[in-house]
Protein chains: 2
Amino acid sequence: MPDNLINLADFDADTCESYRKKKDIEEELEYQRDRLGNLQQRLYAENQRSLLIVLQAMDTGGKDGTIKQVFSGVNPQGCRVWSFKHPSLEESNHDFLWRYHWRTPQKGMITIFNRSHYEDVLIVRVKKLVEDEVWQKRYHIINDFEQMLTLSNITIIKFFLHISKAEQKLRLQSRLENPDKLWKFSINDVNERKLWDEYQSAYQDAINNCSTDYAPWYVVPSKKKWYRNLVIARALADTLAAMNPQYPQASTDITNIKIPD
Amino acid sequence: MPDNLINLADFDADTCESYRKKKDIEEELEYQRDRLGNLQQRLYAENQRSLLIVLQAMDTGGKDGTIKQVFSGVNPQGCRVWSFKHPSLEESNHDFLWRYHWRTPQKGMITIFNRSHYEDVLIVRVKKLVEDEVWQKRYHIINDFEQMLTLSNITIIKFFLHISKAEQKLRLQSRLENPDKLWKFSINDVNERKLWDEYQSAYQDAINNCSTDYAPWYVVPSKKKWYRNLVIARALADTLAAMNPQYPQASTDITNIKIPD
């Protein structure tokens, strides 16, 4: 557990640093997306390590949009997205990590969890789907799980897309009013919104208990979508650059190989 | 089985219609990729049907490059790529369709098989991994399997990326000479090349036996990579356009919904 606990309410979800508008960052976003694409190619070729990205947010927080806008341009052969919704009966009949574990990235891959094992200390806690002592023990279990993955050369990076309660209202309203967005609207989101404070507490505890050196949480101000995209693209490209994946050497002596006609 | 059997040797792998150079098609390729991205978004939102793309080719035929160049730009959340290599011990202990079946696309998704169940009538036949009567029965089994998928609203489209034997030599040579491509070189490819004619026969039989109304094979001239990309992007966008996926209507009456503060 980190020494410095965070208080989510202290984080300004609306900030975009000193940028004013989308146009100010377009060039850098393009640059970061290019870096991301090139580094992914090397990660895939190297085939030794992998990257696991966890995306969490309140409803309408922008998980789907982030994937579309940050990762379009990435080679889908090296990138797999798993969206976790209500568990199936089979999944419910296993320990809570079971459905996440087999979807962790194989060597060379970037895997994105759109929602994740954190739901098991978020919605599960807020909706009281298990006893308190059950979800309380999960922070520790999650830390151990993530450390184990890290020891298998999986780099983990976790993003909480932070929006204000007022912004969520605007976004829900916009889904209702826009025929192309209506399919994303669920009456359930309106009900969940009534539990806003409980969810914020649950997020804050999850971030405080599970932000580790080996699997850090980033709280991303996400009102301005273009700023959110930039922050995430930059963090991912920096993370991959620090991993510095390399094209592998030849596995056999190739000096005398002749390709026959 | 189609009435008109094909002879692979009659297909010019080097053609690019009346186009001369990459620049001639760049605009249309961009247009087709945009269409593909937009139609995918509607397919994903509709969440009723899906698209299964089978990519097969001789070694160096361009399967990986096709995925990178045609699908970069597609939202990875709606697109999953499965690459099939040597089966695992567990996979070998099941019927030949087992490892492919559970990876077929769920509703709303585009799934790409990079190699596929066709390997079980290609390499398996050429390398004599099973008795003749075993692989011979598989054409029929594959047709039934694909028809069953089609009846579950999965549209299937299959591409054979056709290159000449001379072109393969150039490409293998280029992998040996280019440090960024060397990781793709395998001495095994040189050995497989010696079985070129046997593989061409096996492909020809697979295409003739398994090109159906509901799951057609396309033989794509693939020497010119930009032409190959255009042919495939166009065929996919046309296929999705014919499916004409729609944003779903609201599932509940939304006229009186108020988003609470």
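Refer to the structure printed above.
Residues numbered from 1 in each chain as written. Chains lettered and ligands numbered in written order. Predicted model: local features only at pLDDT ≥ 70, side-chain atom pairs only at ≥ 80, totals over all residues. Heavy atoms only, no water.

1. A short note on the relation of the copies chain A and chain B
Now for step 1: Rotating chain A by 180° about the axis while translating it 0.0 Å along that axis superimposes it on chain B, leaving an RMSD of 0.0 Å. Both copies are brought into coincidence by an operation consistent with a two-fold rotation axis. Across chain A, the rotation axis passes nearest the C-alpha of A:Gly73, at a separation of 2.3 Å.
Now for step 2: Both copies present the same face, since 100% of the interface residues in chain A are matched by interface residues at the equivalent positions in chain B. (Least-squares fit on C-alpha atoms with pLDDT ≥ 70 in both. Contact = heavy atoms within 4.5 Å.)

2. Details of the environment of A:Gly108
All names here are of chain A.
Now for step 1: Mapping Gly 108 onto the fold places it in the loop between helix H4 (98-101) and strand E3 (110-114).
Now for step 2: On a C-alpha basis, the gap between Gly 108 and Val 126 in space is 36 Å, while along the polypeptide they are 18 residues apart.
Now for step 3: Setting aside chain neighbours within four positions, we find Gly 108 in contact with Leu 43, Tyr 44, Asn 47, Gln 48, Arg 49, Ser 50 and Gly 78. (Helix = DSSP H or I, 4+ residues; strand = E, 2+ residues; numbered from the N terminus.)

3. A word on the pattern of salt bridges
Now for step 1: Enumeration over the complete set of coordinates arrives at 36 salt bridges over all chains.
Now for step 2: Across the pair A:Arg103 and A:Glu91 runs a salt bridge, and its minimum N-O distance is 3.6 Å. Placement of A:Arg103 in the loop between H4 and E3 and of A:Glu91 in helix H3 (residues 89-92) is noted, with a sequence separation of 12 residues between them. In terms of burial, A:Arg103 and A:Glu91 fall into one category: buried.
Now for step 3: B:Glu46 is the salt-bridge partner of B:Arg49, the closest N and O atoms lying 2.9 Å from each other.
Now for step 4: Note on B:Arg49: relative accessible area 21%, which makes it partly exposed. (Salt bridge = Lys/Arg side-chain N within 4 Å of Asp/Glu carboxyl O. Buried < 20%, exposed > 50% of the residue type's maximum accessible area, 1.4 Å probe, protein only.)

4. Comments concerning the interface of chain A and chain B
Now for step 1: Counting from both sides, the interface comprises 43 residues of chain A and, opposite them, 43 residues of chain B.
Now for step 2: Here chain A packs against chain B, burying approximately 4,000 Å² in sum over the two surfaces, 63% of which is carbon and sulfur.
Now for step 3: When the buried area of chain A at its contact with chain B is split by residue, A:Gln77, A:Trp183 and A:Ile259 rank highest and sum to 18% of it.
Now for step 4: Taken together, chain A and chain B are joined by two salt bridges.
Now for step 5: Across the pair B:Asp261 and A:Lys169 runs a salt bridge whose closest N-O atoms are separated by 2.5 Å.
Now for step 6: Put simply, chain A and chain B have 16 residue pairs in polar contact (both at pLDDT 80 or more) between them.
Now for step 7: Contributing elements (two or more residues each) for the side of chain A that touches chain B: helix H1 (22-46), helix H2 (63-71), strand E2 (79-83), helix H8 (165-177) and helix H9 (187-193) of chain A.
Now for step 8: Looking at the side of chain A that touches chain B residue by residue, the classes come out as 25 nonpolar, eight polar and 10 charged. (Buried area = accessible area lost by both parts, 1.4 Å probe. Polar contact = N/O pair within 3.5 Å; in protein donor to acceptor, adjacent residues only side chain to side chain. Nonpolar A, V, L, I, M, F, W, Y, C, P; charged D, E, K, R; others polar.)

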